[in-house]
Amino acid sequence: MVLRRKKVDPLKSALTALYNVRASIQRLDSLIDRINSRRSKLMDMAVDLQARGETFLAKRYAEEIAKLDKMRSRLEVLRLVLEKVSLSIDLAITMRDFKLIADEVSSIVSEIKKIPESRIPDLAVYFAELDSSIRELASADIDVGPPLSYDTTETPDARRVLEEARSLLKTKLESENIQPPSLNK
């Protein structure tokens, strides 16, 4: 029995990973907003308790606020990491260079899975799917097509304009007593 490797479309895997990263970022934003709302309510209650002289309860609310601040800070760092992953995947899609980005992002996703915040129910599903699509992308036999290139054919009019620009630059530099660099022709 011969096991065949499943043909993986790297673009599809990259787009799936990008979707999961962006969905995770949206979930993080939602969680951060909920934490901020809860923090605001607790702060109002702590201020009210402090004003009434109930310092013991005010201290308990302050401790809870400190825990929320710590959690929010960790979620914001995780959000920044996911932004970096999103930008990396965007770059891979644009440049059609999936292998290098897949290896880099794979190590980041492995580290993300180790932190406790990755087990938050709202995020865990997206992280699992992200890990799966990145692993799929990293293990794929990627046949990268020709690199993207620009059409650099020069027309006679464009060549004339370039020559004029070179001569203007040269005279400008000479008038400022700066040695002009060698200009490509």
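Preceding this paragraph is the structure being described.
Here's what I pulled together on the structure shown here.

Considerations on the overall build of the chain
Each helix and strand counted, the chain has 5 helices and 0 strands in total. Secondary structure elements in the chain, listed N-terminal to C-terminal, are α-α-α-α-α. Every one of the 185 residues in the chain was classed for burial, and the buried ones make up 27%. In the chain, once contacts between residues fewer than 6 apart in sequence are set aside, the share between residues at least 24 apart is 73%. For the chain, the accessible area works out to roughly 13100 Å², and carbon and sulfur atoms hold 56% of it.

Some details on the environment of Val109
In this fold, Val109 is placed in helix H3 (residues 98–114). Setting aside chain neighbours within four positions, we find Val109 in contact with Leu130, Asp131 and Ile134.

Some details on helix H2 (residues 55–95)
Here H2 spans 59 Å end to end across 41 residues, near enough to the 60 Å set by a 1.5 Å rise per residue. Its buried side turned inward, H2 meets helix H1 (10–51), H3 and helix H4 (121–139). Remark: Arg96 follows H2 within two positions and exhibits a positive phi of approximately 55°.

A word on H1
If you check H1, its first and last C-alpha atoms are 61 Å apart, about what 42 residues at 1.5 Å a residue would give, namely 62 Å. Phi for Gly53, located one or two positions after H1, is positive at around 85°.

Observations concerning the packing of H1 against H4
H4 packs onto H1 with a crossing angle of 160° between their chain directions and a minimal axis gap of 9 Å. Considering the angle they form, H1 stands roughly antiparallel to H4. Our pair here, H1 against H4, has a crossing hand that is left-handed.

Description of the pattern of salt bridges
Under the defined criterion, the tally for this structure stands at 13 salt bridges. The partner of Asp29 in a salt bridge is Arg79, with the nearest N and O atoms 2.4 Å apart. In this pair, Asp29 is assigned in helix H1 and Arg79 in helix H2, connecting sequence segments 50 residues apart. Judged by relative accessible area, which is 24%, Arg79 ranks as partly exposed. In this structure, the salt-bridge partner of Glu63 is Arg60, at a minimum N-O distance of 2.7 Å. With Glu63 and Arg60 both in helix H2 and 3 residues apart, this pair spans about one turn of that helix. A single salt-bridge network, built from bridges that share partners, covers Asp29, Arg79 and Glu83.

Some words on the packing of H3 against H4
The packing of two helices is summarised by the inter-axis angle and the distance between the axes. At a minimum axis separation of 9 Å, H3 and H4 run at an interaxial angle of 150°. Once H3 is placed against H4, the crossing between them reads as left-handed. When H3 is examined against H4, the residues Phe98, Lys99, Ala102, Asp103, Val105, Ser106, Val109, Ile112 and Lys113 are found in contact with a partner set consisting of Phe127, Leu130, Asp131, Ile134, Arg135, Leu137 and Ala138. Residues of the contact of H3 with H4, tallied by class, amount to 10 nonpolar, 1 polar and 5 charged.

About the cut-offs
Residues numbered from 1 in each chain as written. Predicted model: local features only at pLDDT ≥ 70, side-chain atom pairs only at ≥ 80, totals over all residues. Heavy atoms only, no water. Helix = DSSP H or I, 4+ residues; strand = E, 2+ residues; numbered from the N terminus. Buried < 20%, exposed > 50% of the residue type's maximum accessible area, 1.4 Å probe, protein only. Contact = heavy atoms within 4.5 Å. Areas by Shrake-Rupley, 256 points an atom, 1.4 Å probe, with all protein chains shown as cover. Expected span 1.5 Å × (residues − 1). Axes fitted to C-alpha atoms, helices over the stretch in contact; angles between N-to-C directions. Parallel < 35°, antiparallel > 145°, perpendicular 65-115°, else oblique. Left-handed = near helix turned anticlockwise from the far one by under 90°. Salt bridge = Lys/Arg side-chain N within 4 Å of Asp/Glu carboxyl O. Nonpolar A, V, L, I, M, F, W, Y, C, P; charged D, E, K, R; others polar.

On their own, these measurements won't tell you what the molecule is for.
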